[in-house]
Amino acid sequence: MAFNKMWYTIALGLLLPFSYAHTDFFTSIGHMTDLINTEKDLVVSLKDYIKAEESKLEQIKKWAEKLDQLTDTATKDPEGFLGHPVNAFKLMKRLNTEWGELESLVLKDMSDGFISNMTIQRQFFPNDEDQTGAAKALLRLQDTYNLDTDTLSRGNLPGVKHKSFLTAEDCFELGKIAYTEADYYHTELWMEQALKQLDEGEVSSADKAYILDYLSYAVYQQGDMGKAMMLTKRLLELDPEHQRANGNMKYFEYIMAKEKEANKSSTDSEDQMEKETEVKKKDYLPERRKYEMLCRGEGLKMTPRRQKRLFCRYYDGNRNPRYILGPVKQEDEWDKPRIVRFLDIISDEEIETVKELAKPRLRRATISNPITGALETAHYRISKSAWLSGYESPVVSRINTRIQDLTGLDVSTAEELQVANYGVGGQYEPHFDFGRKDEPDAFKELGTGNRIATWLFYMSDVSAGGATVFPEVGASVWPKKGTAVFWYNLFPSGEGDYSTRHAACPVLVGNKWVSNKWLHERGQEFRRPCTLSELE
C-alpha cells in the first residue's frame, strides 16, 4: 500500500502542471482533451484501489477458509483437541492476537489514495455550466443540421470515428436542461425520446412517471391540450396518487369542457395549435434560416455564367521576389464579395507550432460590446482563442510575412495572429469583422483604423460541419487543413462591404482549429489607394 501511495503522489505531480483551473471546457475541444487524460488517471487510480480491496478480501478469505477447517475439527472433540498443548496455545494466541489483527485488516481503509487523487482532480472538473453548455450544443446541432432525436441518440452522425449513443437517462437530462431554459419544444423532443427508449425495453434508472410529468407540461405549454391530457392519463396509470397529475387532469377537463360550451371550432383550435408548434424558437429570423441552410450545404447555387468567372491559378503575389520562382496555388471561392483560397499555404509543422503556442493561453472567445467597447463573452460565439505576436516565435513571424507578401498589405498595423479552437457544437453566428458607422469607437484604442481585410487559416480538417458561410450572398467555404481564405471587408473607398457578413457553422463532428489575421486601414494608403466611388 505504501507503494500505491507513492505512485499516486508521482502521478499527481506529473498531471497537475498540465491541468487548468476551470475555464469553460465546453467552448474548446482542445482543452477538453486534457479531461480525457484526467479521467484516464482516475480510472488507473480506481483500478489500483480495486486491486487493493481484492487483495484484502483474498487475505480475509484465506483466513476464513483455514479457520473453517480448524473449527470444524475442534468442535467435533473440543476436549480431545485442547488436550494437545500446542492447540491450546494457538487458540489463546488466535483469540488474543490474530483475531485483533484480522479486525484491523477488515477496518483498514484502502481508498485513501483514490480519494486523495479524486479530491485534487475535482477542482479541475467541468461544472454545471459546462454540462449545460454541452447539452445546448447538442440542441443547436440538432436544429442546424435537421437531426431527429433518434439519429442523434443513436450517434448516427457523418464521419464519426468513435460511435457513441445516448441512454434514456441522457435523453432525460437533455430534456430537463431544455426545460430549465423554458425551451418546451426541445423538452418535448427529448422527453419523448427517453420514453421511447424505455418503452423499447432499455434498462435505465430513468423513471417513466417523472418523464411523463415533464413531457405533459411541455406539451401543454405549446398549446396541445389533447396530447397533454393523454400523457397525464398515462402518468396516472403508473402513479394514481400523483398529486400534480391529478390536479392537472381536473384543470384540463375543466378547460376542455369550457371550450366545448363555447362551441369553439375544433378546426380553429387545430390551426392555432399547428401554428404554435411550428415555432421552434422566438429568434428564428430569415437570416437564421439562410445561415442554417448554408451550414447544411443547401445554399444558393451560383449560376453557370458566374461559375465561369471563377478560376484557379499560380499566384506570385504581384511579382513578389519570394514567389516568382515558387508561386502558390490560389483559387476563387466566390466573386462578390471576392473570396480567394490559398492552398498548401501553411505546413503541418507550422500548424503544430502555432497550436502548441496557443493552447496554454486559450481563453473563452470574447466580442466587443458595440456600446461600451468592453470585451465580453457571448452565447453566439462558442470557442476559445489566443493571440500570438510575431516577436515570440520565428514561425509566427514567418506567417505574418507570408500574409503581407501575398495580400500586398502592410501587416505592421494588423492585429496579432488570433488562434481559435471551437468547442462542442462550436460556432460563431453571423457577424461583421469591420466596425459599422454606428460603432465609431470599435477600434479607436488601436489607432489603426477599421479592419480592411480578413485572412483566415484552416488548421484542421473537420469531419462534418464547421463551414464559414456568408448568408447575404449564399457562399459556403468549407474547412480544409493547410489552406487559407482572404477577403476585403471594406471597399477601396473605406466604406464597409455588408455582403461580407459571415458566420462559423457549428462543428457537428471533429475538431476545428483556425487562425486569422485582421488587417487594418493604416499603412495601406499606397498599397490599396482610395477610389472616388463609394462602392468601389
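These figures come from a predicted structure and were not determined experimentally.

Caption draft 1: Spotlight on the overall build of the chain. Of the regular secondary structure elements, the chain holds 17 helices and 17 strands. Buried residues in the chain amount to 45% of all 536 residues. Accessible surface, the chain as shown: approximately 29,600 Å² in total, 55% of it carbon and sulfur.

Caption draft 2: Highlighting the environment of E298. Assignment of secondary structure puts E298 in the loop between α14 (286–295) and α15 (304–307). When the C-alpha positions of E298 and G474 are compared, they lie 9.2 Å apart, and in sequence the two are 176 residues distant. A distance of 3.3 Å separates polar atoms of two side chains, one belonging to E298 and the other to R296.

Caption draft 3: Layout of the sheet that holds strand β15 (residues 502–504). What the four strands build is an open sheet, ordered β9-β15-β12-β13; its pairing is antiparallel. Of all strands in the sheet, those with a lone pairing partner are β9 (428–431) and β13 (475–477), marking the two edges. Adjacent strand axes in the sheet meet at a mean angle of 15°, parallel and antiparallel pairs treated alike. Across three bridges, the pairing between strand β12 (residues 468–470) and β13 is antiparallel. Considered in β13, the bridge of T468 is made with V477.

Caption draft 4: Fine view of the environment of C171. You can see C171 is positioned in helix α8 (residues 168–180). With 36 residues separating them along the chain, C171 and A135 place their C-alpha atoms 9.9 Å apart. Residues in contact with C171, not counting those within four places in the same chain, are S153, L166, W190, Q193, A194 and Q197.

Caption draft 5: Structural view of the pattern of salt bridges. Under the definition given, this model contains 31 salt bridges. For the salt bridge of E429 with R288, the shortest nitrogen-to-oxygen distance reads 2.8 Å. Here E429 is found in strand β9, whereas its partner R288 is found in helix α14, with 141 residues between them in sequence. With a relative accessible area of 18%, E429 lands in the buried category.

Caption draft 6: Molecular detail of unusual backbone geometry. Here the bond from K336 into P337 is cis, since omega is 0°, no more than 30 degrees from zero. Mapping P337 onto the fold places it in the loop between β2 (328–334) and β3 (339–343). If you check the backbone angles, R319 has positive phi at about 65° while not being a glycine. Note that R319 resides in the loop between β1 (312–315) and β2. For R319, a relative accessible area of 59% gives the class exposed.

Caption draft 7: Molecular detail of the sheet that holds strand β17 (residues 513–520). If you trace the nine strands from one edge of the open sheet to the other, you get β1-β2-β3-β14-β10-β17-β8-β7-β4, paired in antiparallel fashion. Pairing within the sheet leaves two strands with one partner each, and these edge strands are β1 and β4 (363–364). Pairing analysis gives six bridges linking strand β7 (residues 383–388) to strand β8 (residues 417–422), with the strands arranged antiparallel. Looking at β8, one finds that K384 is bridged to N421.

Caption draft 8: Summary view of the state of the cysteines. Considering all chains together, one arrives at one disulfide under this definition. Across a sulfur-sulfur distance of 2.0 Å, C295 and C505 are joined as a disulfide pair. Between C295 and C505, the disulfide has an S-S torsion of -85° and is therefore left-handed. Of this pair, C295 sits in helix α14 while C505 sits in the loop between β15 and β16 (507–509), and the two are 210 residues apart along the sequence. Residue class for C505 comes out buried when judged on its relative accessible area of 0%.

Caption draft 9: Highlighting the packing of aromatic side chains. Considering all chains together, one arrives at 23 aromatic pairs under this definition. Between the aromatic rings of W455 and F457, the centroid separation amounts to 5.6 Å while the plane-to-plane angle is 65°, which identifies the pairing as edge-to-face. Each member of the pair, W455 as well as F457, carries the same accessibility label: buried. Grouped by ring-pair contacts, the aromatic residues F172, Y179, Y184, Y210, Y214, Y217, Y220, Y251 and F252 constitute a single cluster. The ring of Y488 carries the charged tip of R528 above its face, separated from the ring centre by 3.7 Å.

Caption draft 10: Structural context of the packing of helix α6 (residues 128–144) against helix α9 (residues 184–199). Their axes nearest at 12 Å, the elements α6 and α9 cross at an angle of 95°. Relative to α9, the element α6 lies roughly perpendicular. Here α6 contributes L139, Q142 and D143 to the contact with α9, which in turn contributes Y185, H186, L189 and W190. When its residues are assigned to classes, the contact of α6 with α9 shows four nonpolar, two polar and one charged.

Caption draft 11: Representation of helix α5 (residues 112–122) in the model. Residues of α5 that are buried: G113, F114, N117 and Q121. Seen along its axis, α5 keeps its buried residues to an arc of 95°; they face one direction.

Caption draft 12: Representation of the confidence of the model for the chain. For the chain, mean pLDDT is 87; residues scoring 70 or higher make up 89% of the total. Low confidence marks residues 276–284, where pLDDT is under 50. Its contacts with residues over four positions away, or in another chain, come to eleven contacts.

Caption draft 13: Molecular detail of the pairing of β17. Of all the eight residues making up β17, eight are buried; the element is thus mostly covered by neighbouring parts of the structure. Alternating positions in β17 separate into two faces, W513, S515, K517 and L519 on one and V514, N516, W518 and H520 on the other, with burial throughout. For β8 and β17, the ladder comprises four bridges, and the chain directions are antiparallel. Note on β17: the bridge partner recorded for Q418 is N516. Note that strand β10 (residues 451–458) and β17 share seven bridges and pair antiparallel. Its bridge partner being in β17, T454 is matched across the sheet by W518.

Caption draft 14: Layout of the side chain of N450. In this fold, N450 is placed in the loop between β9 and β10. Here N450 is in contact with F434, G435, F443, L490, L519, H520 and E521, once residues within four sequence places are set aside.

Caption draft 15: Summary view of the pairing of β10. Among the eight residues that make up β10, eight are buried, leaving the element largely enclosed by the rest of the structure. For β10 and strand β14 (residues 483–488), the ladder comprises six bridges, and the chain directions are antiparallel. What sits directly across from A453, in β14, is Y488.

Scoring rules and cut-offs
Residues numbered from 1 in each chain as written. Predicted model: local features only at pLDDT ≥ 70, side-chain atom pairs only at ≥ 80, totals over all residues. Heavy atoms only, no water. Helix = DSSP H or I, 4+ residues; strand = E, 2+ residues; numbered from the N terminus. Buried < 20%, exposed > 50% of the residue type's maximum accessible area, 1.4 Å probe, protein only. Areas by Shrake-Rupley, 256 points an atom, 1.4 Å probe, with all protein chains shown as cover. Polar contact = N/O pair within 3.5 Å; in protein donor to acceptor, adjacent residues only side chain to side chain. Pairing = 2+ DSSP bridges. Axes fitted to C-alpha atoms, helices over the stretch in contact; angles between N-to-C directions. Contact = heavy atoms within 4.5 Å. Salt bridge = Lys/Arg side-chain N within 4 Å of Asp/Glu carboxyl O. Disulfide = S-S within 2.5 Å. Phe/Tyr/Trp six-rings, centres within 6.5 Å; stacked < 30°, edge-to-face > 60°. Lys NZ or Arg CZ within 6 Å of the ring centre and 35° of its normal. Parallel < 35°, antiparallel > 145°, perpendicular 65-115°, else oblique. Nonpolar A, V, L, I, M, F, W, Y, C, P; charged D, E, K, R; others polar. Arc of directions from axis to C-beta. pLDDT = per-residue confidence, 0-100.

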